[in-house]
Amino acid sequence: MLNEQELVKACQKNDRKAQTAFYDLYKSKLMGVCRRYTRTPEEAEDIYQEAFVKIFNNIHTLENPKAVGAWVRKAVIHTAINYYHANLKFQQNTEYENIVLSNDDYPNLLSTLTSEELLALINKLPDGYRMVFNLYVIDGYNHAEIGELLGVSENTSKSQLSRAKELLRKQLKQLGIVSYERT
């Protein structure tokens, strides 16, 4: 079996067996990313497929095979965002200054949930909120980057995140995980 860097080099030469192995190697790792950005498993599968078409079409541009993991993950996230833009309307509603900030206790609270429970909660969020929440909290993008990726202002990104957190807090309260009220 080829290691990851050898797979990249073989894929750069259009080796079909290597492409299949590469695709399968990342599927379990990145389908979860696709699921966080979609409402259904079918949409996630579509995004994964589309991402890998792009990956294989552009793998020749990857100069450092050691960086393949981050490169592939970024391609999947960008494909999910493009899918979102092509299929949904982004809800831009309020300015950030009108939102009261909340505690950043999400890493602790969310770590008490299974990945399936977290995915179910995130999937209940409105589409714009879900996109910003995923990009900021889970994938580590900052608001300026999110604004650029989604074509919204930095303040809209902050507003969407604040509202996503508030909705998640309400969902967590209903589950008995959060017992305090927001002030």
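Going by the structure above, here's the rest.
This report concerns the structure included in the present document.

Analysis parameters
Residues numbered from 1 in each chain as written. Predicted model: local features only at pLDDT ≥ 70, side-chain atom pairs only at ≥ 80, totals over all residues. Heavy atoms only, no water. Phe/Tyr/Trp six-rings, centres within 6.5 Å; stacked < 30°, edge-to-face > 60°. Helix = DSSP H or I, 4+ residues; strand = E, 2+ residues; numbered from the N terminus. Buried < 20%, exposed > 50% of the residue type's maximum accessible area, 1.4 Å probe, protein only. Lys NZ or Arg CZ within 6 Å of the ring centre and 35° of its normal. Salt bridge = Lys/Arg side-chain N within 4 Å of Asp/Glu carboxyl O.

**Quick word on the packing of aromatic side chains**
Thought 1: Applying the stated criterion to the full structure yields seven aromatic pairs.
Thought 2: Summarising the aromatic geometry, the rings of Tyr-23 and Phe-52 are spaced 5.2 Å apart at their centres and angled 75 degrees between planes, so their arrangement reads as edge-to-face. Here Phe-52 lies in helix H3 (residues 41-58) and Tyr-23 lies in helix H2 (residues 16-36), a separation of 29 residues in the sequence. Per residue, the accessibility class of Tyr-23 equals that of Phe-52, and both read buried.
Thought 3: Relative to Phe-52, the ring of Tyr-48 lies with its centre 4.8 Å away and its plane at 40 degrees, an arrangement referred to as tilted. Of the two residues, Tyr-48 and Phe-52 are both situated in helix H3; the distance of four residues between them amounts to about one turn of the helix. The exposure classification of Tyr-48 matches that of Phe-52, with both residues buried.
Thought 4: Taken together, the ring pairs in this structure connect Phe-22, Tyr-23, Tyr-26, Tyr-48, Phe-52 and Phe-56 into an aromatic cluster.
Thought 5: In this arrangement the basic side chain of Lys-29 is found over the ring face of Tyr-26, its NZ or CZ atom lying 5.1 Å from the centre.

**Some thoughts on the pattern of salt bridges**
Thought 1: Summed over all chains, the structure comprises eight salt bridges.
Thought 2: Between Arg-169 and Glu-166 there is a salt bridge, with the nearest N and O atoms lying 3.5 Å from each other. Here the residue Arg-169 and the residue Glu-166 both occupy positions in helix H9 (residues 154-174), the gap between them amounting to three residues, near one helical turn.
Thought 3: Each member of the salt-bridge network shares a partner with another, and the members are Arg-36, Arg-73 and Asp-139.

**Observations concerning the environment of Lys-17**
Thought 1: Tracing the backbone shows Lys-17 in helix H2.
Thought 2: With 10 residues separating them in the primary sequence, Lys-17 and Leu-7 have C-alpha atoms 9.3 Å apart.

So, to be careful, I would describe these as geometric facts and stop short of saying anything about function.
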